[in-house]
Amino acid sequence: MLNRRNFIVRSVLTGLGFSLAPGSLRAFSLNPGLTVRTNGPVVVSTWRHGLQANEAAWEILGQDGNALDAVEAGVRVCEADPENLSVGYGGLPDRDGHVTLDACIMDEKGNAGSVCFLENIRHPVSVARLIMENTPHVMLAGGGALQFAVSNGFTEENLLTDKARKIWEAWRSEEKYKPVPNIENHDTIGMLALDANGNLSGACTTSGMAFKMHGRVGDSPIIGAGLFVDNEVGAAVATGQGELMMKTLGSFLVVEMMRGGMDPVDACQVAVKRIVDKVKDLENAQVGYLALDKQGRMGSFSLRKGFDYAIQNAQGKRLIDSAHYVSG
Ligand code: GLY
């Protein structure tokens, strides 16, 4: 476990609860938020599946490897896991039965690469990195992204596992699926890392909302919505219902709040509050932000209870519950 002396635990939230949408959600008092501080290299990532992903990232970071290599290696673990229903291989398909993937990556120089609506490639994050490093562009989509991937040696394969297909078939036949926040207790894997040289990088990757319309793209490949890294300040990543982060460019907002001096929890809270203020129907919505600043402070804030994030550094690993607005 992490050395408790390396953590600063702080009550940061003083506001009162409020209603998210008239008549839809009860008002709750704000929960205490935790700001966590660590020294030296560290990796943080969204949800419990981040624990396993962080281990792969730490193999690189713990040997003074760079943050960019670490976040790519880390999220690839979830992309390859057939049991993970919300990322990469084994992800739940869209309503027409296609597994379509979104991912992006940013390095400490502010370079960005992104891929969206990509089919049949197991590791979209690595395609995103290649776009960042080998093309003059930031984002490739759909068939063009697939063509680019294949021409660069990626192998095409069917990403729809039997398990995911059966869940999709049950949804089609019974039409009983309703999105429920946190019911699967995981979503996008978003990862942020600070390396031994003090450099930040980030990545996120997802198969997106289950049973979405064919062609739907979420926040995860949108630089500034699903992920933003500014090596002078900090980095942020988002998880949850992508449409909400796309309307508010939340990850960029979190980093800008940190630039203004806020700590990561407060900055994430501002981005969640922006959604609450600007977006009308949040009845079945969940959104969470996770941030890591240049000083090694980290924290998160989500709309609802249930979001957690994983941290790993030289002292060990740990899963931390996010501060949140509402418990229902
Ligand atoms: N946050 C992932 C998505 O909405 O696609």
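Please refer to the structure higher up on the page.
Predicted model only: the values in this text are computed from it and were never measured.

1. Considerations on the site of the ligand
Taken together, Asp-187, Thr-188, Gly-208, Met-209, Arg-216, Gly-218, Asp-219, Ser-220, Gly-240, Gln-241 and Gly-242 make up the full set of residues near the ligand. In the environment of the ligand, a nitrogen atom lies 2.7 Å from a nitrogen or oxygen atom belonging to the backbone of Gly-240. Here an oxygen atom of the ligand sits 2.8 Å away from a polar atom, N or O, in the main chain of Gly-242. In isolation the ligand exposes 200 Å². Once the protein is present, 99% of that is buried. By residue class, the composition of the shell around the ligand is one nonpolar, seven polar and three charged.

2. Focus: the nonpolar core
Inside soluble globular proteins, nonpolar side chains tend to come together where they are buried. Judged by nonpolar contacts, the single largest core of 48 residues is most densely connected at Val-254 and Tyr-289. If you tally residues by element for this core, the top one is helix 8 (residues 264–278), at seven residues. Core analysis: the second largest hydrophobic core is formed by 32 residues, Leu-61, Leu-68, Val-125 and Ile-189 among them.

3. A few points about the environment of Pro-264
Inspection of the secondary structure puts Pro-264 in helix 8. On the basis of relative accessibility, which here comes to 0%, the residue Pro-264 falls in the buried class. Put simply, Pro-264 and Val-254 are 10 residues apart on the chain and 7.6 Å apart in space, counted from C-alpha to C-alpha. If we ignore the near neighbours within four places in the chain, the residues touching Pro-264 are Met-258, Ala-291, Asp-293, Arg-297, Met-298 and Gly-299.

4. With respect to helix 1 (residues 49–61)
Counting along an α-helix, one turn takes 3.6 residues, and residues three or four places apart therefore face a common direction. With 13 residues, helix 1 ought to run about 18 Å at 1.5 Å a step, and its terminal C-alpha atoms sit 18 Å apart, in line with that. Of all the bends in helix 1, the largest measures some 25° and sits at Glu-55. Along helix 1, the residues classified as buried are His-49, Gly-50, Ala-53, Asn-54, Ala-56, Ala-57, Trp-58 and Leu-61. Taken together, the buried residues of helix 1 touch strand 2 (42–46), helix 2 (67–80), strand 6 (189–194) and strand 12 (308–313).

5. A short note on the pattern of salt bridges
Taken as a whole, this structure holds 14 salt bridges when the rule is applied. A salt bridge links Asp-230 to Arg-259; the nearest nitrogen and oxygen atoms lie 2.7 Å apart. Linking Asp-230 in strand 8 (residues 227–230) with Arg-259 in helix 7 (residues 250–259), this pair joins segments that are 29 residues apart in sequence. The exposure class of Arg-259 is partly exposed, given its relative accessible area of 38%. Residue Arg-297 is joined to Asp-293 by a salt bridge in which the shortest nitrogen-to-oxygen separation is 2.7 Å.

6. Observations concerning the pairing of strand 9 (residues 234–240)
The buried fraction of strand 9 is high, at seven of seven residues. Here strand 9 shows no split at all, with Gly-234, Ala-236, Ala-238 and Gly-240 on one side and Ala-235, Val-237 and Thr-239 on the other all buried. Taken together, the four bridges between strand 8 and strand 9 define a ladder with antiparallel strand orientation. Opposite Asp-230, over in strand 9, you have Gly-234 as the bridge partner. Here seven bridges tie strand 9 to strand 10 (residues 287–293), and the two strands are oriented antiparallel to one another. Bridge pairing in strand 10 links Ala-238 to Tyr-289.

7. Points about unusual backbone geometry
With phi around 60°, Asp-64 is a residue other than glycine that occupies positive phi space. You can call Asp-64 exposed: its relative accessible area is 57%. Backbone geometry places Phe-117, a non-glycine residue, at a positive phi of 55°. Tracing the sequence through the fold places Phe-117 in strand 4 (residues 112–118). According to the relative accessible area criterion, Phe-117 is partly exposed, its value standing at 23%.

8. A closer look at the sheet that holds strand 3 (residues 101–106)
With mixed pairing, eight strands are arranged side by side in an open sheet as 5-4-3-7-6-2-12-13. Looking at which strands have only one partner, the edges of the open sheet turn out to be strand 5 (139–141) and strand 13 (316–321). Sheet twist, expressed as the mean angle between neighbouring strand axes with direction ignored, is 10°.

9. Some details on the packing of aromatic side chains
Applying the stated criterion across every chain, the model contains four aromatic pairs. Ring geometry for Trp-171 against Phe-211: centres 4.5 Å apart, planes inclined by 10°, an arrangement best described as stacked. One end of the pair, Trp-171, is in helix 5 (residues 162–174); the other, Phe-211, is in the loop between strand 7 (200–206) and strand 8, with 40 residues separating them in the sequence. Ring geometry for Phe-228 and Phe-252: centres 5.0 Å apart, planes at 85°, overall edge-to-face.

Thresholds, definitions, all that
- Just so you know, the residues in each chain are numbered from 1, in the order the chain's sequence is written.
- Residue-level local features of this predicted model are given only where pLDDT is at least 70; pairs of side-chain atoms are given and counted only at 80 or more, and the full residue set underlies all totals for whole chains, interfaces and linings.
- The side-chain numbers reported here are obtained from all heavy atoms of the structure, hydrogens and water having been left aside.
- Nearness of a residue to a molecule or strand requires only that one of the residue's heavy atoms be within 4 Å of it.
- For the purposes of these results, a polar contact is taken to be a pair of N or O atoms within 3.5 Å, where, inside protein, one atom must be able to donate a hydrogen and its partner to accept one; residues adjacent in sequence count only when each atom of the pair is a side-chain atom.
- For every accessible area listed, the method is Shrake-Rupley and the probe measures 1.4 Å; residues are considered covered only by the protein chains on display.
- In the scheme used here, Gly and all other residues not listed as nonpolar or charged are polar, with Ala, Val, Leu, Ile, Met, Phe, Trp, Tyr, Cys and Pro taken as nonpolar and Asp, Glu, Lys and Arg as charged.
- In these notes, a set of buried Ala, Val, Leu, Ile, Met, Phe, Trp, Tyr and Cys residues joined through side-chain atoms within 4.5 Å is what counts as a nonpolar core.
- Each residue is assigned to one of three classes by its accessible area relative to the maximum for its type, calculated with a 1.4 Å probe on protein chains only: buried under 20%, partly exposed between the two thresholds, exposed over 50%.
- Secondary structure counts use DSSP, requiring at least four H or I residues in a row for a helix and at least two E residues in a row for a strand, with both numbered from the N terminus.
- Note on definitions: a residue-residue contact is assigned when non-hydrogen atoms from the two residues lie within 4.5 Å.
- To estimate the expected span of a helix, subtract one from its residue number and multiply by 1.5 Å.
- One axis is fitted to the seven residues ending at the residue and one to the seven starting there. The bend at that residue is the angle between these axes.
- Salt bridges are defined by distance alone: a side-chain nitrogen of Lys or Arg within 4 Å of a carboxyl oxygen of Asp or Glu.
- By this definition, two strands are paired if DSSP reports at least two bridges between them.
- Lines are fitted to the C-alpha atoms to define the axes, a helix being fitted only along its stretch in contact, and any angle between axes, read from their N-to-C directions, falls within 0 to 180 degrees.
- Each aromatic pair joins two rings of Phe, Tyr and Trp (for Trp, the six-membered one) with centres within 6.5 Å, and gets the label stacked for planes under 30 degrees apart, edge-to-face for over 60, and tilted for any other angle.

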